[in-house]
Amino acid sequence: MLLSLSWLREFTPYEGTAEALGDRLTMLGLELEDIRRPFDAIGSIVVGLVVACEDHPQSDHLHVCKVDAGQGELLDIVCGAPNVAEGQKVPVALVGTTMPDGLVIKKAKLRGAPSFGMICSERELGLTEDHAGIMVLPDSFEVGKPLVDQLVLDRELLDISVTPNRADCLSVLGLAREAALAFSLPLNIPGLPLQVDESAPQRLIPIDIEDPDLCRLYSGRVITGAKIGPSPMQVRHRLHAMGVRPVSNIVDVTNYILLEYGQPLHSFDLDKLEGGRIVVSRAKDGEKITTLDGQERILTPQDLCIRDASRAVALAGVMGGLNTEITAESSNVFLESAVFLPAAIRKTSRRLGLSSESSYRFERGIDQQRTVWALDRACAMMAALSGGTVQPGLSVSEPRPFKAASIDFRPARANALLGVKLAPEFDQAVLTGMGCTVDASTDVWRVGQPSWRPDLTREADLIEEVGRVHGLDTIAPELPPVCRDLAHAGEPESRFAFWLRLKHWGAGLGLNEAVNYSFVGHKDLDHLGLPREGRISIMNPLSAEQDALRTALAPGLLHDLRNNLAQGAQGLRFFELAHTFEADAASETTARETGMLGVLLYGSRFDTAWPQAEGDMDYMDLKGIVENLMRFLHLPAPVCTLAAEHPFLLPCVEVAVDGRAAGVMGRVKPAMADEFHARKDVWLAELNLEILRELHDAARVRFRPLPVYPPVRRDITVMAGPGLTVSAVMAHVRGLALPLLEDLVLVDCFEPKPAEGQEAVRNLTFRLTFRHADRTLKDAEVDKEREKVAQSLVAALGVKI
């Protein structure tokens, strides 16, 4: 919504700057987007007097003019406009002036005649689109003075972003109410009394509203003897500054009132209304109408039409019809002012892709009590500009009169919700300043809703208004106290709290959290070989790349991988907590949601600033993260089993916890990873959080004393063929049940290149940790225990130590 500062001052005596007004409106919830100064480009244009005007001797259309521009001497200016004449006062661009279109005025010779400036048309000045001739100024203008000071122009415009619930602010009057309330200024609505020829008989147009729910009020008046022509200069320039193209005096008045008071109007050529009546009804299926933009529209019964006795003459609230358009030959006008159901106008506008200034306001709500008043104001203005006569008689039908909502308001409740103590006098001043009626005789006030504020229906709405005017930005931020009730201690952890702890766990490990859309593409799922059974397609996808709900986290994580590689990342560590979706007819929503945890590793194990930065992450890094997660959730170590096959992982390891399948982990197949620009191995794990949560809730945490005496560690390297697994070695050592053996971990795996003709050998280095609960161990004891382990491995597994 554009707001002219000079237009605003016709309603309230605001004397501040545009910037100060914009800042205050922004704090009131009406955000300032921009401040425009549309006529700064013509600030150097001056008023000139054509002292003499003669035909150019070498041209049949040019004129050589002597112009007094207040420079002390007459200027020779060659002008080609057909309407230039001696004695006119005109806008003059002097030599050196830069015009709005970028043209720089220079000394020139036109057909041999010197020219020291330019006499301008309205289009050349950016005032209107009129280029039929030069702009002729009133005789009262002073020669030599800047044109912008002589014209009453809207020099500063504020571009205000209006939220959908504030339909009342889509007018100068509405924003003036806000400014007057914000700066404690009086509000004055300019009056233009309607003069009616009482001696003439009443001219009433019958109005039939077939569906009162769609049209709450329809009114109109008849104007006769109007002479269609251009509007006065001030009206045309004001509309042009507000972004509206001037058309004619009758049409310009409807646009002027719309901007000034927010009430859309429409003018019909009365002589073209067949049957002399108005019917407001739904359109017939397949009915056609040609709107004012020249386009033929095919209608449906959902569209509301304005009809005469035989045909549709307008799309209600959207656009008029070409068949009753006001033209230069029109003389009798029927002016409409109505209130339509916002939802009905919105549906028609969206279906036809036809949005107008009128539909924009009807869709958000109109001040019903000012509808007839705006009609009278427009009729008075039309009569003044066109010389027409307003005929007596108001044609009106109001099947749904406006009823103001009565709202309870408690000042104490307002203070409690806002967190500040406001005086009741302040609350009452704000509510009355908004136009509400207030009965403050009891602790619970009765507040009557103003007709222009359809968004005020509840006590919370009034409290918001009080806080808005007080200044929500002035309320000090203060976190409310959060007290844990011991009565609820020991209750099961909520799903949100469980997921939040997992997010803190991932961040603590140095992983970066990824947040992706639940929507993926069928082609992404097909690329990863995921089955089509169970997929849920999107009926109206945002794009072709997001036409299905994800059945795995891998597509989103792999897209994150590609995006980060494009930015030059070397090492990536992602985790994501999200839901996957599968079709389930037994579910209430026909979809089964499963919480999943995804982990993706790629590239360098360390940042480039660390030593060994060239080392890349591998399966051991991924497995270590999964094992760390199990310890974090107080679960036993996972059992990892090599899977026979998997759609997108090779190798793929199935992860089981406490005998239940909890997920998979492994390397993304290189051919698939290559599609996401991966040039190294991509390691991925997906774990079922529903199962892990059940196991976590069932786990019992047991405490034991911390060890007092230090551990003693010994390494042992086992040389064996590739057929011997690490888990087999560890299971055998733990099976010995040595009382001093506290822990056993794999610390290194070395596979030397075998000599020709020899079998491959793996050197597996394990670290044994020994500890005694009551004393410090001696080296001899530890060495003896290590020897037991070595001999047992050699005897049982046939390995070399």
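Residues numbered from 1 in each chain as written. Predicted model: local features only at pLDDT ≥ 70, side-chain atom pairs only at ≥ 80, totals over all residues. Heavy atoms only, no water.

Per an unreviewed UniProt entry, the protein is named Phenylalanine--tRNA ligase beta subunit, and its organism is Desulfovibrio desulfuricans. The protein has a UniProt comment under Subunit (unreviewed entry) that states "Tetramer of two alpha and two beta subunits." Quoted verbatim from the Catalytic activity (unreviewed entry) field of the UniProt record, the comment on the protein reads "tRNA(Phe) + L-phenylalanine + ATP = L-phenylalanyl-tRNA(Phe) + AMP + diphosphate + H(+)". (UniProt positions renumbered as here; feature names shortened; annotations may be inferred.)

### Topic: the UniProt feature "domain: FDX-ACB" (unreviewed entry) in the protein
Here, the residues flagged by UniProt with the feature "domain: FDX-ACB" (unreviewed entry) are residues 707-801. End C-alpha atoms of residues 707-801 are separated by 31 Å, and the span's content is 31% helix alongside 29% strand. (Helix = DSSP H or I, 4+ residues; strand = E, 2+ residues; numbered from the N terminus.)

### Details of unusual backbone geometry
In the segment running from Leu650 into Pro651, the intervening peptide bond is cis, with an omega of -5°. The residue Pro651 is located in strand β32 (residues 649-657) in this model. We note that Thr590 has phi near 60°; this positive angle belongs to a residue other than glycine. Looking at the element boundaries, Thr590 is found in the loop between β29 (571-583) and β30 (591-603).

### Focus: the packing of aromatic side chains
In this structure the tally under the stated criterion is 9 aromatic pairs. Each ring, one from Tyr14 and one from Phe183, has its centre 5.1 Å from the other, and the planes form 50°; the classification is tilted. Placement of Tyr14 in the loop between α1 (5-8) and α2 (18-27) and of Phe183 in helix α4 (residues 172-183) is noted, with a sequence separation of 169 residues between them. In this structure Tyr14 comes out as buried when scored by relative accessible area, which is 4%. A connected cluster of aromatic rings, assembled from ring pairs, spans Phe11, Tyr261 and Trp373. The ring of Tyr360 carries the charged tip of Arg364 above its face, separated from the ring centre by 3.8 Å. When the ring centre of Phe498 is taken as reference, the NZ or CZ atom of Arg693 above it lies at 5.0 Å. (Phe/Tyr/Trp six-rings, centres within 6.5 Å; stacked < 30°, edge-to-face > 60°. Buried < 20%, exposed > 50% of the residue type's maximum accessible area, 1.4 Å probe, protein only. Lys NZ or Arg CZ within 6 Å of the ring centre and 35° of its normal.)

### As for the UniProt feature "binding site: Mg(2+)" (unreviewed entry) in the protein
As recorded in UniProt, the sites labelled "binding site: Mg(2+)" (unreviewed entry) are Asp455, Asp461, Glu464 and Glu465. With respect to the secondary-structure elements, Asp455 resides in the loop between β25 (445-448) and α12 (459-470). Apart from the residues within four sequence positions on either side, Asp455 is in contact with Asn165, Arg166 and Asp461. There is a polar contact of 2.8 Å between the side chain of Asp455 and the side chain of Arg453. One can find Asp461 in helix α12. What Asp461 contacts, discounting residues up to four positions off in sequence, is Asp455 and Leu456. Polar contacts involving the side chain of Asp461 include one to the main-chain amide nitrogen of Arg458, which spans 3.0 Å. (Contact = heavy atoms within 4.5 Å. Polar contact = N/O pair within 3.5 Å; in protein donor to acceptor, adjacent residues only side chain to side chain.)

### Examining the nonpolar core
In this structure, Leu21 and Leu125 are the most contacted members of the largest nonpolar core, which totals 71 residues. When residues no more than four places from it in sequence are discounted, the contact partners of Leu125 are Ile42, Ile45, Pro91, Met99, Pro100, Cys120, Met135 and Leu147. Core analysis: the second largest hydrophobic core is formed by 36 residues, Val280, Ala283, Ile289 and Val318 among them. (Core = buried A, V, L, I, M, F, W, Y, C linked by side-chain atoms within 4.5 Å.)

### Some remarks on the layout of surface pockets
When its volume is computed, the largest pocket comes out at roughly 1,400 Å³. The wall of the largest pocket is formed by 37 residues, among which Met620, Lys623, Glu627, Val726 and Met730 lie closest to the centre. Sorting the residues of the lining of the largest pocket by element identifies α16 (619-632), β31 (639-642), α19 (726-735) and β36 (741-750) as the ones contributing at least two each. Val251, Asn255, Ser356, Glu357 and Ser358 are the residues nearest the centre of the second largest pocket, which is lined by 43 residues in total. (1 Å grid on protein atoms, 1.4 Å probe; cavity = no way out; pocket = protein on both sides within 12 Å on 5 of 7 lines; lining within 4 Å. Points joined across faces, edges and corners; volume = space filled by probe spheres on them.)

### A few points about the sheet that holds β36
Spatial strand order, β35-β37-β36: 3 strands in an open sheet with antiparallel pairing. One side of each edge strand has no neighbouring strand; the edge strands of this open sheet are β35 (712-720) and β36. On average, each strand axis in the sheet is inclined to that of its neighbour by 25°, with strand direction left out of account. In terms of strand pairing, β35 meets strand β37 (residues 762-770) through 9 bridges, oriented antiparallel. Residue pairing for β37: Val712 is matched across the bridge by Phe770. Each of β36 and β37 is contacted by α19, which is oriented at about 155° to β36, the strand it contacts most. Of the strands in this sheet, β35 and β37 are in contact with helix α20 (residues 779-797), which crosses β35 at around 20°. (Pairing = 2+ DSSP bridges. Axes fitted to C-alpha atoms, helices over the stretch in contact; angles between N-to-C directions.)

### A few points about empty space enclosed by the protein
Under the definition given, this model contains 2 cavities of 30 Å³ or more. One number sums up the size of the largest cavity: a volume of about 190 Å³. As for the largest cavity, its lining consists of 19 residues, and the residues nearest its centre are Ala167, Asp168, Tyr261, Gly262 and Asp367. Residue contributions to the lining of the largest cavity peak at 3 residues, all from α4. Across the lining of the largest cavity, the residue classes break down as 7 nonpolar, 7 polar and 5 charged. Computed from the structure, the second largest cavity encloses a volume of approximately 60 Å³. Taken together, Arg166, Asp168, Gly174, Arg177, Glu178, Leu181, Gly433, Met434, Trp452 and Arg453 form the lining of the second largest cavity. When residues of the lining of the second largest cavity are assigned to their parent elements, the largest contribution, 4 residues, is made by α4. Residues of the lining of the second largest cavity, tallied by class, amount to 3 nonpolar, 2 polar and 5 charged. (Nonpolar A, V, L, I, M, F, W, Y, C, P; charged D, E, K, R; others polar.)

### Focus on the sheet that holds strand β26 (residues 512-513)
A sheet is described by the order of its strands in space; here 7 strands give the open sequence β26-β29-β30-β34-β33-β32-β31, paired in mixed fashion. Across the chains shown, the open sheet's two edge strands, defined by having one partner strand only, are β26 and β31. Inspection of the sheet shows β31 paired to β32 by 4 bridges, in the antiparallel sense. Bridging across to β32, Cys640 finds its partner in Val655. This element, helix α15 (residues 554-566), spans β29, β30, β33 (660-668) and β34 (682-688) of the sheet and lies at about 150° to β29. Its contacts with the sheet place helix α18 (residues 689-698) against β29, β30, β32, β33 and β34, and it is angled at close to 55° to β34.

### Overview of the side chain of Glu785
Within the fold, Glu785 resides in helix α20. Glu785 sits in the buried class, given a relative accessible area of 9%. The residues contacting Glu785, other than those within four sequence positions of it, are Leu738, Leu740 and Phe770.

### Remarks on the environment of Asn415
In this structure, Asn415 sits in helix α10 (residues 411-418). Looking at Asn415, the relative accessible area reads 18%, which means it is buried. Spatially, the C-alpha atoms of Asn415 and Ile463 are 8.6 Å apart, while their sequence positions differ by 48 residues. Setting aside residues no more than four positions away along its own chain, Asn415 makes contact with Val420, Lys421 and Leu422.

### A look at the pattern of salt bridges
What the rule picks out here adds up to 54 salt bridges. Between Arg238 and Glu10 there is a salt bridge whose closest N-O contact spans 3.0 Å. Of the two residues, Arg238 is situated in helix α5 (residues 233-241) and Glu10 in the loop between α1 and α2; the sequence distance between them amounts to 228 residues. For Glu10, a relative accessible area of 34% corresponds to the partly exposed category. The salt bridge partner of Arg679 is Asp674, with a shortest N-O separation of 3.0 Å. With relative accessibility at 39%, the residue Asp674 sits in the partly exposed group. Connected through salt bridges with shared partners, the residues Arg166, Asp168, Glu178, Arg453, Asp455, Glu465 and Arg468 form a single ionic network. (Salt bridge = Lys/Arg side-chain N within 4 Å of Asp/Glu carboxyl O.)

### A closer look at the state of the cysteines
Taken as a whole and assessed by the stated rule, the structure comprises 0 disulfides. Sulfur of Cys120: no disulfide; nearest cysteine sulfur belongs to Cys79 and is 9.2 Å away. Residue classification places Cys120 among the buried positions, given a relative accessible area of 0%. Of all cysteine sulfurs, the one in Cys215 lies closest to Cys379, which takes part in no disulfide; the gap is 17 Å. Owing to a relative accessible area of 0%, Cys379 belongs among the buried residues under this scheme. (Disulfide = S-S within 2.5 Å.)

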